[in-house]
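Chain residues, written in single-letter form:
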Amino acid sequence: MTVKLGRREREELDPAIPARPRLADDVQVHAPEHEGAPWIIQRGPGRYIRVGADMARLGRALDGDRDHAELMADLGPKWTPQALGYALGELQRMKLLDDGSRGRSAAAPWVKYVPPLTLQITLLRPARLLAWCRPLLAALANRFWAVVAVVIALAGPVSLALNGGALAQALGSPLPLSVYAWVAAGSYLVMVVHELSHGAVLSHYGGRPSRMGVMLLYLLPAFFCDVSDGWRLGHKERRVRVALAGVATQFVVAGAAAVAALPTGEAALLVFSVVTYTSGLLNLLPFIKLDGYLALMSHLDISDLRKRAMIDARRLVTRLLFGGTYPVELPGLRWAVPYGLACLVFPVYLVGVLALSLWGELLRGLGLLGTVAISVVVLLLLGRLLVGFLLRVQEARTSGASVWRIGGVIAVLACGLTAVLMTVQVPYVISGGYHYRQGQLELVVPGGDEAITRGAQVRLLRNGVVLREQVGSAVVASATASSTTVPISALLPIRAEGTLPMTVSAYPLTVRETPGERSGAARVDAGSRPLGEWLVATYLPLTW
């Protein structure tokens, strides 16, 4: 059967589409794994697109030997010139057609940036290694070992509770450098095993993990294993297991460490167990691209769930502020907008509040280097927020919003933000340490601070890793500081008396309640400041 295209029909086809289209060399069409499973078009080593059977048949027919008329003849009467033009246009838009720019051997790059704040560096292609281990994985993939893993994971919290006294001591006291070294080494080893677990379960189900390496995730070091090939698995339950395999491994390791620490109360094992459990729980949060999100996306069987939910949330906020008309990405998901809003806010909370609250004090204790690190993180975060707002303004303008309304809303937001920054008062607390020098108790602060005044109240705390119990109190005797050196234990929760000296500004204190330790953490009540001034003083200190 021969089909000929008329002149008008030829003109309706996108001129950018080749006369004899073919799929790019790095594009493959995968048949369904079982009846009811979707067809998959794979582009390169890491992108998987679900398509219907008709689109898959078209993809398999694009060999470069047939023109548009021959394609319609081979595919059947439902393929009109309009339908073929639309389908080829979609394939062209997704960069699945051959344009001469990619070759068959195309692979994932060794260094890859993933917006908004992730940098991945590939170190290993683990598919062959995990395929070699597949018989061992098959032997472990049964109900008996699953029950053993659950028992060990649940025994951990019970062991930590029974070891409560030793746990409080470990988390509430400075620890030797050796403990930090063992905990850090163990944590990074667990992270490697965590990622291998993802790849191992994927390999067990017949998939191929494409790459493994290290990354900076929201400026924090981590490991990764690319298991995008899991989208070829027809059963969504299997994809959920792939996503949760790493956290399950973490919980088993954390439980084993807690049980091992039960008879001795070993601080390194206790801290390692708490860190590993906490890391696993954070991994389950579905608001950033971690295991919890991948499991949720796999369970719902909705690709790009987070991205599309955030688009809907942004568009709702943009419409409420500026007006305009916007399409909806997830019309059938009632909670898409609240979920998208949580996904937008959580990274800001993670970096701007949680990370800086947990690590900011430790970084400030390092002096200039830590201050610069905090400032860089905050400036990057502010830049990201500003760019996001400008993109929303641009989207509103292209969606029909009025220029006057956009300008008015921006003016109101600017005035409101300025008023909040200038009028809302926030308690300003200066973090530092205390240390005895020649019998005199002194407040020590890296670089000093002009807000420290004579008579300021000072709380003296035990310098614990997580918990910080008040052990004394004092007042600043003089606002005149002297330069001196103190051991690092005066500023950081490290038990290293007499070693690793740091240069600090020292203020004499009048003791009200004598602390039991020679050094520890200190908090200075420096009154209240407007929110804007407080933010600059806390996160963008200029007195370097």
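Residues numbered from 1 in each chain as written. Predicted model: local features only at pLDDT ≥ 70, side-chain atom pairs only at ≥ 80, totals over all residues. Heavy atoms only, no water.

Participant: Would you mind going over the overall build of the chain with me for this structure?
Facilitator: Scanning the chain from terminus to terminus reveals 17 helices and 14 strands. By the burial criterion, 43% of the 544 residues in the chain qualify as buried. Contacts in the chain between residues at least 24 apart in sequence constitute 70% of all its contacts with a sequence separation of at least 6. Summed over all atoms, the accessible surface of the chain reaches about 28500 Å², with 64% contributed by carbon and sulfur. (Helix = DSSP H or I, 4+ residues; strand = E, 2+ residues; numbered from the N terminus. Buried < 20%, exposed > 50% of the residue type's maximum accessible area, 1.4 Å probe, protein only. Contact = heavy atoms within 4.5 Å. Areas by Shrake-Rupley, 256 points an atom, 1.4 Å probe, with all protein chains shown as cover.)

Participant: Looking at this structure, how should I read the layout of surface pockets?
Facilitator: Rolled over the atoms, a probe with the dimensions of a water molecule shows which regions are left empty. Computed from the structure, the second largest pocket encloses a volume of approximately 1200 Å³. Listed by contribution, the elements that provide at least two residues to the lining of the second largest pocket are helix H6 (134-140), helix H7 (143-162), helix H9 (177-204) and helix H10 (236-261). The greatest single-element share of the lining of the second largest pocket, amounting to 10 residues, is contributed by H10. Of the residues contributing to the lining of the second largest pocket, the split by class is 25 nonpolar, four polar and two charged. (1 Å grid on protein atoms, 1.4 Å probe; cavity = no way out; pocket = protein on both sides within 12 Å on 5 of 7 lines; lining within 4 Å. Points joined across faces, edges and corners; volume = space filled by probe spheres on them. Nonpolar A, V, L, I, M, F, W, Y, C, P; charged D, E, K, R; others polar.)

Participant: I tried to follow the side chain of Asn-463 on my own but got confused; where do I start?
Facilitator: With respect to the helices and strands, the residue Asn-463 is situated in the loop between strand E10 (457-461) and strand E11 (470-476). By relative accessible area, which is 3% here, Asn-463 ends up buried. Within polar-contact distance, the side chain of Asn-463 engages the side chain of Arg-468 at 3.3 Å. There is a polar contact of 3.2 Å between the side chain of Asn-463 and the backbone oxygen of Leu-492. For Asn-463, the contacting residues outside a window of four places in its chain are Ser-173, Pro-174, Arg-468, Ser-489, Ala-490, Leu-491, Leu-492, Pro-493, Gly-520 and Ala-521. (Polar contact = N/O pair within 3.5 Å; in protein donor to acceptor, adjacent residues only side chain to side chain.)

Participant: Just to check I follow, could you spell out the sheet that holds strand E2 (residues 39-43) for this structure?
Facilitator: The strands that make up a sheet pair up through hydrogen bonds in the backbone, lying either parallel or antiparallel. Pairing within the open sheet is antiparallel, and its three strands lie in the order E1-E2-E3. Each having just a single partner strand, strand E1 (27-30) and strand E3 (47-51) make up the two edges of the open sheet. Ignoring which end each strand starts from, the neighbouring axes of this sheet average 20 degrees apart. Where E2 meets E3, five bridges bridge the pair, whose relative direction is antiparallel. Bridge pairing links Gln-42 to Tyr-48 in E3. (Pairing = 2+ DSSP bridges. Axes fitted to C-alpha atoms, helices over the stretch in contact; angles between N-to-C directions.)

Participant: Is there a simple way to think about the packing of H10 against helix H11 (residues 267-283) in this case?
Facilitator: The relative placement of two packed helices comes down to the angle between their axes together with the axis-to-axis distance. With their axes 8 Å apart at the nearest point, H10 and H11 run at an angle of 160 degrees to one another. Taken together, the axes of H10 and H11 lie roughly antiparallel to each other. The element H10 and its partner H11 pack so that their crossing is left-handed. Listed contacts from H11 to Val-247, Gln-250, Phe-251, Val-253, Ala-254, Gly-255, Ala-257, Ala-258, Ala-260 and Ala-261 of H10 are Leu-269, Leu-270, Phe-272, Ser-273, Thr-276, Tyr-277, Ser-279, Gly-280, Leu-281 and Asn-283. (Parallel < 35°, antiparallel > 145°, perpendicular 65-115°, else oblique. Left-handed = near helix turned anticlockwise from the far one by under 90°.)

Participant: Just to check I follow, could you spell out H11 for this structure?
Facilitator: In a regular helix each residue adds 1.5 Å, so 17 residues correspond to 24 Å; H11 covers 24 Å between its end C-alpha atoms and thus fits that length. Considered for burial, the residues of H11 that qualify are Ala-268, Leu-270, Val-271, Phe-272, Ser-273, Thr-276, Tyr-277, Gly-280 and Asn-283. Against the buried residues of H11 lie H7, helix H8 (164-171), H9, H10 and helix H12 (291-300). (Expected span 1.5 Å × (residues − 1).)

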